[in-house]
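One-letter residues, chain by chain:
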Amino acid sequence: MFDFSTPVDRHGTWCTQWDYIADRFGSADLLPFTISDMDFSTAPCILDVLQQRLQHGVLGYSRWQHEDFLGAVRHWYHQRFNTSVDTSLAVYGPSVIYMVAQMIRIWSEPGEYIVTHTPAYDAFYKVVLGNQRQLLTCPLNKVDNDWHCDMAHLEALLARPQTKILLLCSPQNPTGKVWRQEELQQMAELCERHDVKVISDEIHMDMVWGKHQHIPWSQVATTSWALLTSGSKTFNIPALTGAYGLISDKHARESYTLALKNRDGLSSPAVMAVAAHIAAYRHGEPWLDALREYLQQNLAYVAERLHQSFPQLNWQPPQATYLAWIDLRPLGIDDHQLQQVLIDREKVAIMPGFTYGEEGRGFLRLNIGCPRSKVEAGMDKLIAALEFVLANA
């Protein structure tokens, strides 16, 4: 029913991944597997509703606090996570990271500490440091093909007097870890014990694979919390700029809304994003289910190619996300040398692991949200680059 195999040419569309690749990698003629959007057209039900809005012709100021939107959110959580959410706690914003920044300013002061697991999404570092807060890192430990949090170390960080917030990524980017129920409950208990508030970025919640299940933070929370998310990753609509969240504390929720409207002047949402979310959450399941199957096949293909060429890596697909987090440390390859070969010789752009902090050294993050033909070309180039570096070590 849905075509994910036919390439869509994104050149000349002001596309960050394709048109502005030189900004990060220094060269414009690269095959990109970088920023986490997909090369697929979004769901037809979304395109249809956007066309209807355009045909209406009036693109005036709009609202999101209505049953069409809030009911769609409740419906999605019930359908996908068998969970009831209280949309009286809902807030809206232009992006998840904007909302993270707002909650950091509401729940902490400059110089205070924010804890996050590493390696971490690079915007986490930027939003914490850009708001003059200090970041405390809790490295995840890789055991076989799973990632574990040292809860004793996490508690030591949370127990520091100046620690105010746990900034959680669930599922975790870039490792693809899906937090288990017992892990979430333990973190919730630790945060309650040390009076630490929680900001949970759950933007990858719909991309969880196999037996793993995403559990919204609202299901385990015991202290003040903000669950922030969007359909932008799931349905490939980040350019529409729209996100939403749930904030448990009434005062924090009111403070967020005041800052959004009065300080930042964002009183009206992007109507296309509101319409797109409603269509996606009410009618997008068939498309998403087909997409998920395609993405899992892409991940399985990456695993097959890596096993054929470098069985010592024993690479397995992540528990979540369409971002293949590839551990190359068994090969003993220098990160910067590999990047030079990937860019200059193979003409491919793949995110180096050190982008996501010191714990990411020795890894690559490969975006497989694209037609299989592109994944095949990317794997050819990656394997050729690895073989070249090893042969010339």
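In what follows, the structure referred to is the one given above.
Notes on the structure in this doc start here. (Residues numbered from 1 in each chain as written. Predicted model: local features only at pLDDT ≥ 70, side-chain atom pairs only at ≥ 80, totals over all residues. Heavy atoms only, no water.)

Assigned secondary structure in the protein consists of 14 helices and 12 strands. Expected size for 393 residues packed as a compact globule is a radius of gyration near 21 Å; at 21 Å, the protein falls within 12% of this value. Projected onto its principal axes, the C-alpha coordinates of the protein cover approximately 60 × 55 × 40 Å. Evaluated residue by residue, the protein yields a buried proportion of 57% over its 393 residues. Relative to all contacts within the protein whose residues are 6 or more apart in sequence, the contacts with residues 24 or more apart total 76%. Looking at the protein as shown, the accessible area adds up to about 16,600 Å², and 49% of this sits on carbon and sulfur atoms. Charge centroids of the protein, computed over 33 positive and 43 negative side chains, lie 4 Å from each other. (Helix = DSSP H or I, 4+ residues; strand = E, 2+ residues; numbered from the N terminus. Rg over C-alpha atoms; globule rule 2.2 N^0.38 Å. Buried < 20%, exposed > 50% of the residue type's maximum accessible area, 1.4 Å probe, protein only. Contact = heavy atoms within 4.5 Å. Areas by Shrake-Rupley, 256 points an atom, 1.4 Å probe, with all protein chains shown as cover. Lys, Arg positive; Asp, Glu negative; His and termini not counted. Charge placed at Lys NZ, Arg CZ, Asp CG, Glu CD.)

Of all hydrophobic cores here, the largest spans 111 residues; its most connected members are Ile46, Leu154 and Phe235. Residue contributions to this core peak at 10 residues, all from helix H12 (residues 285–309). (Core = buried A, V, L, I, M, F, W, Y, C linked by side-chain atoms within 4.5 Å.)

What follows covers the pairing of strand S10 (residues 323–327). Consecutive side chains along a regular strand alternate between the two faces of the sheet. The buried count for S10 comes to 5 of 5 residues, which makes it a mostly enclosed element. Along S10, one buried face is formed by Leu323, Trp325 and Asp327 and the opposite face, lined by Ala324 and Ile326, is buried too. Pairing of S10 with strand S12 (residues 363–367), which is carried by 5 bridges, proceeds in the antiparallel orientation. By the bridge assignment for S12, Asp327 is matched with Phe363. (Pairing = 2+ DSSP bridges.)

Listed as buried for helix H13 (residues 335–345) are Asp335, Leu338, Gln339, Val341, Leu342 and Ile343. Contacts made by the buried residues of H13 are with helix H2 (22–25), strand S11 (348–352), S12 and helix H14 (372–391). The N-cap residue of H13 is Asp334: its side-chain oxygen and the backbone nitrogen of His336 are 3.1 Å apart. At the exit of H13 stands Lys347, carrying a positive phi of roughly 60°. (Polar contact = N/O pair within 3.5 Å; in protein donor to acceptor, adjacent residues only side chain to side chain.)

Time to look at helix H7 (residues 151–158). Within the span of H7, buried status applies to Met151, Leu154, Leu157 and Leu158. Taken down its axis, H7 places every buried residue within 115° of arc, on the same side. In this structure, the buried residues of H7 make contact with strand S3 (113–118), strand S4 (134–143), strand S5 (146–149), strand S6 (163–169) and helix H8 (181–193). Where H7 starts, the residue carrying a side-chain oxygen 3.1 Å from the main-chain nitrogen of Ala152 turns out to be Asp150. (Arc of directions from axis to C-beta.)

The next thing to look at is unusual backbone geometry. Geometrically, the link from Thr118 to Pro119 is a cis peptide bond, its omega value of 5° lying close to zero. In this structure, Pro171 follows Ser170 across a cis peptide bond, with omega equal to -5°. As for its position among the elements, Pro171 is in the loop between S6 and H8. A positive phi angle, close to 55°, is found at Asp144, a residue other than glycine.

For the structure shown, the criterion picks out 17 aromatic pairs. An aromatic cluster of three or more residues is present, and its members are Phe4, Phe40, Trp64, Phe69, Trp76, Tyr92, Phe235, Tyr244, Tyr281, Trp287 and Tyr294. In this structure, Lys177 is placed above the aromatic ring of Trp179, and the distance from its NZ or CZ to the ring centre is 4.9 Å. The cationic tip of Lys374 hangs over the ring face of Phe33; the distance from NZ or CZ to the ring centre is 4.7 Å. (Phe/Tyr/Trp six-rings, centres within 6.5 Å; stacked < 30°, edge-to-face > 60°. Lys NZ or Arg CZ within 6 Å of the ring centre and 35° of its normal.)

Quick look at the side chain of Ser108 now. Summarising the element assignment, Ser108 is placed in the loop between helix H5 (96–107) and S3. There is a polar contact of 2.6 Å between the side chain of Ser108 and the backbone oxygen of Ile104. If we skip the residues at most four places from it in the chain, Ser108 touches Ile114, Arg133, Lys164 and Ile165.

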